[in-house]
Amino acid sequence: MLATYVNCIAVIAGTLLGVSLRRWIKASYQDIVIGSTGFVTAVIALGMAMKSASYLTMVCSVVLGGFLGTALHIEDRVLHLGVRLQKLTSGRGEASGFATGFLSASVLFCTGAMAIVGSIQAGTSHDYQLLLVKSVMDGCMSVAFGAAYGPGVAFSALSLLLYQGFFTLCGGWLQPCLGDAGINEMGAVGGVLLLMVSCNLLGLRKTKAGDYLPAIVLAPLVGKVFARF
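Our next topic: the overall build of the protein. A tally of regular secondary structure across the protein gives 9 helices and 0 strands. Traced from its N-terminal end to its C-terminal end, the protein shows the element sequence α-α-α-α-α-α-α-α-α. Considering only C-alpha atoms, the protein reaches an extent of 55 × 40 × 30 Å along its principal axes. Considering only intrachain contacts with a sequence separation of at least 6, the fraction spanning at least 24 residues in the protein is 81%. Counting only carbon and sulfur atoms, one obtains 70% of the accessible surface of the protein, whose full area is about 11,500 Å². For the protein, the separation between the mean place of its 14 positive charges and that of its 9 negative charges on side chains is 7 Å.

Shown next as structure tokens:
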């Protein structure tokens with residue numbers, strides 16, 4: 001769990017730096033920060049999504065995950081959690097921006113294949129190298145997201161702790177079940193969700209990316225079904 005703790009600290013530190021810089025950036029320049037963050041997120045998302053070995057698996061996973069997430073109102077529940085965290089910590093500021101930052105950053109930091117593979121490696125062989133590299137990357141992105149969304153981004157460290165902690169503790173059991181192909185498809189579908197986040201940042205299309213989170217879990221299952229046929 002050591003590398004996951006480092007990853008969480010990097011996100012919190014990066015967010016605090018981003019929030020500090022935000023105070024010195026004029027409102028007219030904040031749009032540049034948000035736009036730049038959106039484009040960089042899109043590049044990361046496309047790189048992840050293009051690694052899919054089966055676009056049919058990707059499409060089916062995203063559609064089914066979207067249906068399930070919408071029925072469960074996942075994004076609304078996560079945003080509500082973000083609002084409650086904002087009220088508990090300060091009780092001031094723009095609750096919607098705080099909650100959106102919490103949700104968007106959680107999707108960004110938890111959906112990549114590096115989070116899964118790195119956590120499994122840390123749990124099974126005590127190899128922390130991949131997660132430490134990810135920590136540096138997440139820390140840099142949290143600066144941009146912190147400047148764009150505010151302190152809510154720091155609370156994505158809680159999501160990161162639970163998500164990577166789960167794969168670290170259960171890695172020995174999960175790795176043979178998921179397989180390399182399953183982990184790869186989880187990362188690729190995560191790229192699609194990140195693309196939704198980037199579209200939200202750029203104002204191209206408002207999509208409830210949080211409602212599609214079940215798609216990440218469904219991806220290896222759908223892939224195994226298609227592999228049989």
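Attention shifts here to the packing of helix H1 (residues 2-24) against helix H8 (residues 156-202). Packed helices, taken two at a time, are described by the angle their axes make and the gap between the axes. Remark: H1 packs on H8, axes separated minimally by 9 Å, with the N-to-C direction vectors making an angle of 165°. Considering their axes alone, H1 and H8 lie roughly antiparallel with respect to each other. As for how H1 packs across H8, the hand of that crossing is right-handed. Counted together, Thr4, Tyr5, Asn7, Cys8, Val11 and Ile12 of H1 and Ser156, Ala157, Leu160, Leu161, Gln164, Gly165 and Thr168 of H8 form the full contact between these two elements. When grouped by side-chain class, the residues that make up the contact of H1 with H8 number 7 nonpolar, 6 polar and no charged.

This brings us to the packing of H1 against helix H7 (residues 129-149). Where H1 contacts H7, the two axes come as close as 7 Å, and the packing angle between them is 25°. Put simply, H1 runs roughly parallel to H7. Every pair of crossing elements has a handedness; the one defined by H1 and H7 is right-handed. Looking at the contact of H1 with H7, its residues break down into 13 nonpolar, 9 polar and 3 charged.

By the element assignment, asparagine 7 lies in helix H1. Using a relative accessible area of 0% as the deciding quantity, one classes asparagine 7 as buried. A distance of 3.1 Å separates polar atoms of two side chains, one belonging to asparagine 7 and the other to aspartate 138. When sequence neighbours within four positions are dropped, the list of residues in contact with asparagine 7 reads Leu131, Lys134, Ser135, Asp138, Leu160 and Gln164.

The next thing to look at is the pattern of salt bridges. Evaluated as defined, the whole model comprises 2 salt bridges. With a closest N to O distance of 3.4 Å, lysine 208 and aspartate 76 form a salt bridge. Here aspartate 76 lies in helix H4 (residues 74-89) and lysine 208 lies in the loop between H8 and helix H9 (214-228), a separation of 132 residues in the sequence.

Another point: H7. Counted at 1.5 Å a residue, the expected span for H7 with its 21 residues is 30 Å, and the 29 Å between its end C-alpha atoms agrees. Backbone geometry just downstream of H7 places glycine 150 in the positive-phi region, at approximately 100°.

Moving on, we come to the nonpolar core. The nonpolar side chains of a soluble globular protein tend to be buried with one another. Core analysis: the biggest nonpolar cluster contains 45 residues, and Phe109, Phe145, Tyr163, Phe167, Met186 and Val189 have the highest contact counts within it. With 16 residues, H8 is the single largest residue contributor to this core.

Right, let's talk about the confidence of the model for the protein for a bit. On average, residues of the protein carry a pLDDT of 83, and 95% of them reach 70 or more. Within the protein, the element-level pLDDT minimum falls on helix H6 (residues 113-125), averaging 76, and the maximum on helix H3 (residues 55-72), averaging 92.

What follows covers the environment of glutamate 75. Relative to the helices and strands, glutamate 75 is located in helix H4. According to the relative accessible area criterion, glutamate 75 is buried, its value standing at 4%. Residues glutamate 75 and lysine 208, 133 residues apart in the sequence, show an inter-C-alpha distance of 6.4 Å.

What counts as what
Residues numbered from 1 in each chain as written. Predicted model: local features only at pLDDT ≥ 70, side-chain atom pairs only at ≥ 80, totals over all residues. Heavy atoms only, no water. Helix = DSSP H or I, 4+ residues; strand = E, 2+ residues; numbered from the N terminus. Contact = heavy atoms within 4.5 Å. Areas by Shrake-Rupley, 256 points an atom, 1.4 Å probe, with all protein chains shown as cover. Lys, Arg positive; Asp, Glu negative; His and termini not counted. Charge placed at Lys NZ, Arg CZ, Asp CG, Glu CD. Axes fitted to C-alpha atoms, helices over the stretch in contact; angles between N-to-C directions. Parallel < 35°, antiparallel > 145°, perpendicular 65-115°, else oblique. Left-handed = near helix turned anticlockwise from the far one by under 90°. Nonpolar A, V, L, I, M, F, W, Y, C, P; charged D, E, K, R; others polar. Buried < 20%, exposed > 50% of the residue type's maximum accessible area, 1.4 Å probe, protein only. Polar contact = N/O pair within 3.5 Å; in protein donor to acceptor, adjacent residues only side chain to side chain. Salt bridge = Lys/Arg side-chain N within 4 Å of Asp/Glu carboxyl O. Expected span 1.5 Å × (residues − 1). Core = buried A, V, L, I, M, F, W, Y, C linked by side-chain atoms within 4.5 Å. pLDDT = per-residue confidence, 0-100.

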